[in-house]
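# A look at the structure
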Amino acid sequence: MKVDLKGQTAIITGGSRGIGYGIAVALAENGATCIITGRNEERLKQAEKALQVLEPSCRGMHLQVENLKNAETLAKAVYEKYGRIDILVNNAGMTSDQLLLRMQEEQWDRVIETNLKGVFNCTKAVARYMLKKRYGRIINISSVIAFMGNPGQANYAASKAGIIGFTKAVARELARKQITVNAVAPGYIQTDMTEKMEQKAKDGILSLIPQGRLGRVEDVAQAVLFLASEAASYITGHVLNVSGGLYI
Ligand code: NDP
């Protein structure tokens with residue numbers, strides 16, 4: 001898909017690898033200046049260098065999404081440097097799987113803080129600058145697990161379902177200001193996150209996917225690119241499943 005994002009600035013949290021990096025590539029290929037965030041400095045530097053080949057203005061910046069102050073400082077720095085923030089992709093996320101009765105309080109808190117509070121923090125930090133320009137595209141990465149549940153992922157499923165409620169509420173709040181807020185719910189995508197699953201579990205999942213394959217990072221990136229484009233200007237509060245039919 002080809003769209004014109006020249007002159008636009010995008011922040012992609014967790015853009016140093018996996019789905020987030022794939023999204024940054026798709027946006028940068030279409031002309032956007034991408035600010036990717038992550039915690040691991042080495043990975044961030046590598047990703048920044050690779051993105052600059054596509055669009056020299058791309059940058060990597062350190063961000064702990066669970067820290068509101070950190071998110072506000074980053075949003076301010078980006079706005080001051082580039083004069084606008086057009087696109088926010090809330091992609092940073094993690095898992096810490098365990099069956100309910102064995103799940104530690106710390107596992108619950110860490111996943112909710114990163115996956116759900118992180119989306120609140122970054123959206124709150126960036127929305128004020130989008131409001132100034134009366135334009136914005138906010139795209140939150142949820143998961144089909146929000147709809148289907150999964151044993152061992154009560155924390156993750158709750159965080160991803162929370163993102164959907166958040167998306168719909170904020171979409172209503174910002175609709176009059178030409179800011180759209182949507183979510184993408186991927187199925188099983190080949191990244192570090194799914195790499196750590198046991199082969200038996202992966203085979204089990206594969207048998208449940210009507211299209212018969214795991215998703216590629218590009219499958220999610222193209223959905224995000226569409227939602228970030230002019231073509232999607234009348235779509236808000238929507239959840240787009242990208243799961244090869246795993247969730248229908
Ligand atoms: P990866 O584990 O490959 O990458 C996660 C990214 O998020 C990294 O850039 C990581 O940064 C960053 N990150 C994690 N925790 C934090 C934090 N506390 N603060 C800032 N950055 C953080 O994940 P995926 O690419 O697989 O997943 C991306 C998103 O897509 C997640 O929200 C995930 O839940 C969702 N998703 C993934 C699916 C899949 O099958 N892979 C399916 C459905 C949804 P660093 O490198 O510095 O650690």
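See the structure printed just above.
None of the values given here were measured: they were computed from a predicted structure.

This next bit is on the sheet that holds strand 1 (residues 9-12). With parallel pairing, the seven strands of this open sheet are ordered in space as 3-2-1-4-5-6-7. Single-partner strands in this sheet number two, and they are strand 3 (59-62) and strand 7 (239-242). Across the sheet, the mean angle separating the axes of adjacent strands is 20° when strand polarity is ignored. As defined by bridge partners, strand 4 (residues 87-90) adjoins strand 5 (residues 136-141) across four bridges and the pair is classed as parallel. Bridged to Val89 within strand 5 is Ile139. Helix 1 (residues 18-29) contacts strand 1, strand 2 (33-38), strand 4 and strand 5 of the sheet and is inclined by roughly 170° relative to strand 1. Along the sheet, helix 3 (residues 68-82) makes contact with strand 1, strand 2 and strand 3, crossing strand 3 at roughly 150°.

Before going further, it helps to spend a moment on the nonpolar core. Counting residues in each nonpolar core, the largest one holds 34 residues, and the members touching the most others are Ile12, Ile23, Leu27, Cys34, Val89, Val184 and Val224. Counting residues per element, the ones that place at least two in this core are strand 1, helix 1, strand 2, helix 2 (41-54), strand 4, strand 5 and helix 9 (217-228). Broken down by element, the residue count for this core peaks at eight residues, all from helix 9. Residue contacts for Val89: discarding those within four places in its chain leaves Ile11, Ile12, Thr13, Ile23, Leu27, Ile139, Ile141 and Val224. Counting residues in hydrophobic clusters, the runner-up holds 27 residues, among them Ala75, Ala92, Val126 and Val181.

It is worth spelling out the side chain of Thr9 at this point. Note that Thr9 resides in strand 1. You can call Thr9 buried: its relative accessible area is 3%. Within polar-contact distance, the side chain of Thr9 engages the backbone oxygen of Arg84 at 3.3 Å. Those residues within four positions of Thr9 in sequence are excluded, and the remaining contacts are Thr33, Ile35, Val78, Tyr82, Arg84, Ile85, Asp86 and Ile87.

With that settled, the discussion passes to the pattern of salt bridges. Scanning all chains against the criterion turns up six salt bridges. Taking the shortest distance from any N to any O, the salt bridge between Asp219 and Arg213 comes out at 3.0 Å.

Here the focus is the packing of helix 3 against helix 4 (residues 105-133). The interhelical angle for the contact between helix 3 and helix 4, taken along N-to-C directions, is 30°, at an axis separation of 7 Å. Judged by the angle between their axes, helix 3 and helix 4 are roughly parallel. The element helix 3 and its partner helix 4 pack so that their crossing is right-handed. Within the contact between the two elements, helix 3 uses Leu68, Ala71, Glu72, Ala75, Lys76 and Tyr79 and helix 4 uses Asn121, Cys122, Lys124, Ala125, Val126, Tyr129, Lys132 and Lys133. Among the residues forming the contact of helix 3 with helix 4, the class breakdown is eight nonpolar, one polar and five charged.

What counts and how
Residues numbered from 1 in each chain as written. Predicted model: local features only at pLDDT ≥ 70, side-chain atom pairs only at ≥ 80, totals over all residues. Heavy atoms only, no water. Pairing = 2+ DSSP bridges. Helix = DSSP H or I, 4+ residues; strand = E, 2+ residues; numbered from the N terminus. Axes fitted to C-alpha atoms, helices over the stretch in contact; angles between N-to-C directions. Contact = heavy atoms within 4.5 Å. Core = buried A, V, L, I, M, F, W, Y, C linked by side-chain atoms within 4.5 Å. Buried < 20%, exposed > 50% of the residue type's maximum accessible area, 1.4 Å probe, protein only. Polar contact = N/O pair within 3.5 Å; in protein donor to acceptor, adjacent residues only side chain to side chain. Salt bridge = Lys/Arg side-chain N within 4 Å of Asp/Glu carboxyl O. Parallel < 35°, antiparallel > 145°, perpendicular 65-115°, else oblique. Left-handed = near helix turned anticlockwise from the far one by under 90°. Nonpolar A, V, L, I, M, F, W, Y, C, P; charged D, E, K, R; others polar.

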